[in-house]
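Structural overview
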Amino acid sequence: MASYSNYQYSPGRALYYKAKEIMILSRHISDYILPDIAVLNEKGHEDSMVYCTGDIIRYSNSLIPNIEKAENEFFQDSRTQYVSAISNLTERLSRNCERLENVNSNGREFVRILRKEIQKFKRLQKTWRLTL
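Residues numbered from 1 in each chain as written. Predicted model: local features only at pLDDT ≥ 70, side-chain atom pairs only at ≥ 80, totals over all residues. Heavy atoms only, no water.

Topic: the pattern of salt bridges
We apply this condition: Every case where a carboxyl oxygen of Asp or Glu lies within 4 Å of a side-chain nitrogen of Lys or Arg is listed as a salt bridge. Each helix is a run of DSSP H or I of at least 4 residues and each strand a run of E of at least 2, with the numbering of both proceeding from the N terminus. Residue burial is assigned from relative accessible area. The probe radius is 1.4 Å, only protein chains are included, and a residue is buried under 20% of its type maximum, exposed over 50%, and partly exposed in between.
Tallied over the entire structure, the rule returns seven salt bridges. When the shortest N-O distance is used, the salt bridge between Lys-18 and Glu-117 registers 2.5 Å. Residue Lys-18 is located in helix H1 (residues 11–37), and its partner Glu-117 is located in helix H4 (residues 108–131); the two are separated by 99 residues in the primary sequence. On the accessibility criterion, Lys-18 (12% relative accessible area) is buried. Taking the relative accessible area as the measure of exposure, Glu-117 reaches 9% and is therefore buried. One salt bridge connects Arg-58 with Asp-55, and the closest N-O pair in it is separated by 2.9 Å. Note that Arg-58 and Asp-55 are positioned in helix H2 (residues 50–72) at a spacing of three residues, about one turn of the helix. Residue class for Arg-58 comes out partly exposed when judged on its relative accessible area of 46%. Connected through salt bridges with shared partners, the residues Lys-18, Glu-21, Glu-117 and Lys-120 form a single ionic network.

Shown next as C-alpha cells:
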C-alpha cells in the first residue's frame, strides 16, 4: 500500500489530472456515440450533432496546454488570458455535453458522467485560480 504522507496537494496538479481524465473520457464517449449519429437521415443529411463529438475532443485536448501555460507564465496578464481561455473551453464543453444528451444514442448516460466530471473540474478551477 502506498503512503501518501509525503504527497503535497497542489491545485494545479489536481486540475491537470482532472483535465486529463476529461480528455480521455471525451474521446471514449465520442467513439461510442459517433456510430449512432453518423448515419444519414432519410433526406440524406447527416446529424448536426456529429460535430459536437469532435468539439468535445478538441476542447478537452486544449485544456491541458492552457493549464501548463498558465502555471508557467511569469506575467499576471498572460496568466489571466490562459485562465480565461480555460473557463471558455470549460463552458463550451458543458454546452456541447448538454446538446449530446439529447442525441438518440445509448451513450447519453456517459455524457452525463462527463458533465459531472466537468462540474468537478469547474470547482477545482476556482481553487486553482486563487493560487495563481
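Picking up where we left off.
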